[in-house]
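Descriptive structure summary
Each chain, letter by letter, is given below.
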Amino acid sequence: MAVNLKQLSQKETRLTGGHRACAGCAAPIIVRQILMASDKPVVVGSATGCLEVTTTVYPYTAWNVNFIHNAFENAAATISGVEAAFNSLKRQGKLEGDFNFVAFGGDGGTYDIGFQSLSGAMERGHDMLYVCYDNGAYMNTGIQRSSATPHGANTSTTPAGKESTGKKEYRKDLTQIMAAHNIPYVAQASVSNHRDLIAKAQKAFSIKGPKFLNVLSPCRLGWAYDPEITVPLAQQMVDSCFWPLFEVVDGEWKLTYKPKNKPNIEEWMKKQGRFKHLFRSDEGKQVIAEAQADVDARWEQLLARCGEK
């Protein structure tokens, strides 16, 4: 879908300024861009997390939409229930018009403790969009590792030191798992590629049924980088194919961005404090090499799925 940025920029913002998110936080940027892609009124559900606590500091709110804060683990269930209630009331002639129903959750509330809620809502076929802003850890509660945390990262529950080189496990490929639900639309996007992100949100809103969008959302605090490089840092992660951009429409996989040059992942790892320990020893450098091999293997698999090989 073509994205008319001039037209979109004239829309009233659905997430206002004045919230308490960190300087350099990608989540508010992602939310604004996704919500501006909707031509209908929206109902938003937000799992407990950074996005919720920084935008709804009582008695204030940054949300200029119908907004529901629910528990950490049930954003998808909440919005699926709202969507079902709306359809019931509409059939009874008690409501008119139409809405887009959107749930937002971080990777902790999506990959991990909210996964059953998400999977159930998608399997039941609710007409809703679930958006994960993936910052790679439980940032709101102290930077604990999640199943989205990269291999080798230093977190408060996978601390790097004499006995450890950081997180031992590799990250879960949640986007692929959601595609396996055989829902109409699944996509992966990044805060650094705004046209691609907005186009995917527009497409998702135009499709009837359950949709899932996984968005790379750098965290200045948890990743330990300078806040002004949020967008270029995310772009490096996309270019390295650590976070490839693609979509799955009715089971058909398609790349939406193929980098001309594919830098090594250490180019962006060097800029993040959570990986600095890996550059200090031969053991750490071996972890980087293993992580690079994993990224390369997953990229080759994705190329094959998308018919690029």
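This text gives an overview of the structure that appears in the document. Computed from a prediction, not measured in an experiment: that's the story for all the values here.

**What to know about the overall build of the chain**
Looking only at helices and strands, one finds 12 helices and 8 strands in the chain. Expected size for 309 residues packed as a compact globule is a radius of gyration near 19 Å; at 19 Å, the chain falls within 12% of this value. Based on the C-alpha atoms only, the size of the chain along its principal axes is roughly 70 × 50 × 40 Å. Looking at the chain residue by residue over its 309 residues, the buried ones come to 52%. Long-range pairs, those at least 24 residues apart, make up 69% of the contacts in the chain with a sequence separation of at least 6. Total accessible area on the chain is roughly 13700 Å²; 51% of this is exposed by carbon and sulfur atoms. A gap of 3 Å separates the mean positions of the 35 positive and 31 negative side-chain charges of the chain.

**Remarks on the side chain of Arg14**
Its place among the elements puts Arg14 in the loop between helix 1 (5-9) and helix 2 (27-35). In this structure, Arg14 is buried with no salt-bridge partner, the nearest side chain bearing the opposite charge being Asp39 at 7.0 Å. In terms of polar contacts, Arg14 uses its side chain to reach the backbone carbonyl oxygen of Ser38, at 3.1 Å.

**So, the packing of helix 4 (residues 75-91) against helix 6 (residues 115-124)**
Viewed as axis vectors pointing N to C, helix 4 and helix 6 meet at an angle of 30°, and their least axial separation amounts to 7 Å. One element, helix 4, and the other, helix 6, form an angle in the roughly parallel class. When helix 4 is examined against helix 6, the residues Ala75, Ala76, Ala77 and Ser80 are found in contact with a partner set consisting of Ser117, Leu118, Ala121 and Arg124. Grouping the amino acids of the contact of helix 4 with helix 6 by side-chain chemistry returns 5 nonpolar, 2 polar and 1 charged.

**Remarks on the sheet that holds strand 2 (residues 66-69)**
With respect to topology, 8 strands assemble into an open sheet ordered 2-1-3-4-6-5-7-8, the strand pairing being mixed. Bordering the open sheet on either side are strand 2 and strand 8 (252-255), each of which pairs with just one other strand. Geometrically, the sheet is characterised by an average inter-axis angle of 20° between neighbouring strands, direction not taken into account. Taken together, the 5 bridges between strand 3 (residues 100-106) and strand 4 (residues 129-134) define a ladder with parallel strand orientation. From the neighbouring strand, Ala103 faces strand 4, where its bridge partner is Tyr130. Lying over the sheet, helix 12 (residues 282-305) contacts strand 7 (246-249) and strand 8, oriented at roughly 120° with respect to strand 8.

**Focus on the pairing of strand 1 (residues 42-46)**
Where burial is concerned, most of strand 1 is hidden: 5 out of the 5 residues are buried. Neither face of strand 1 is open: one carries Val42, Val44 and Ser46, the other Val43 and Gly45, and all of them are buried. With 5 bridges joining them, strand 1 and strand 3 adopt parallel strand pairing. Bridge assignment links Val43 to a residue of strand 3, and that residue is Phe101. In this sheet, strand 2 lies alongside strand 1 in parallel orientation, the contact comprising 4 bridges. Residue Ser46 lies in a different strand from strand 2, and its bridge partner there is His69. In the classification by handedness, the crossover that spans strand 1, the intervening helix 3 (residues 50-55) and the parallel strand 2 is right-handed.

**Considering the nonpolar core**
Grouped together as the largest cluster of nonpolar side chains are 89 residues, with contacts concentrated most on Ile34, Trp63, Phe104, Tyr130, Phe212 and Leu213. For this core, the element with the most residues is helix 12, which contributes 7 residues.

**Considerations on the pattern of salt bridges**
Scanning the model with the defined rule gives 12 salt bridges in all. With a closest N to O distance of 3.1 Å, Lys40 and Asp98 form a salt bridge. Of this pair, Lys40 sits in the loop between helix 2 and strand 1 while Asp98 sits in the loop between helix 4 and strand 3, placing them 58 residues apart in sequence. The residue Asp294 makes a salt bridge to Arg298 at a minimum N-O spacing of 3.0 Å. Separated by 4 residues within a single helix, Asp294 and Arg298 lie in helix 12, roughly one turn from each other. For Arg298, a relative accessible area of 27% corresponds to the partly exposed category. Bridged by salt links that share partners, the residues Asp127, Lys208 and Lys211 form one connected network.

**What about the environment of Ala289?**
As for its position among the elements, Ala289 is in helix 12. Separated by 266 residues in the primary sequence, Ala289 and Ala23 have C-alpha atoms spaced 32 Å apart.

Calculation rules
Residues numbered from 1 in each chain as written. Predicted model: local features only at pLDDT ≥ 70, side-chain atom pairs only at ≥ 80, totals over all residues. Heavy atoms only, no water. Helix = DSSP H or I, 4+ residues; strand = E, 2+ residues; numbered from the N terminus. Rg over C-alpha atoms; globule rule 2.2 N^0.38 Å. Buried < 20%, exposed > 50% of the residue type's maximum accessible area, 1.4 Å probe, protein only. Contact = heavy atoms within 4.5 Å. Areas by Shrake-Rupley, 256 points an atom, 1.4 Å probe, with all protein chains shown as cover. Lys, Arg positive; Asp, Glu negative; His and termini not counted. Charge placed at Lys NZ, Arg CZ, Asp CG, Glu CD. Salt bridge = Lys/Arg side-chain N within 4 Å of Asp/Glu carboxyl O. Polar contact = N/O pair within 3.5 Å; in protein donor to acceptor, adjacent residues only side chain to side chain. Axes fitted to C-alpha atoms, helices over the stretch in contact; angles between N-to-C directions. Parallel < 35°, antiparallel > 145°, perpendicular 65-115°, else oblique. Nonpolar A, V, L, I, M, F, W, Y, C, P; charged D, E, K, R; others polar. Pairing = 2+ DSSP bridges. Right-handed = clockwise from strand over helix to strand, strands pointing away. Core = buried A, V, L, I, M, F, W, Y, C linked by side-chain atoms within 4.5 Å.

The values are spatial; any link to function lies outside them.
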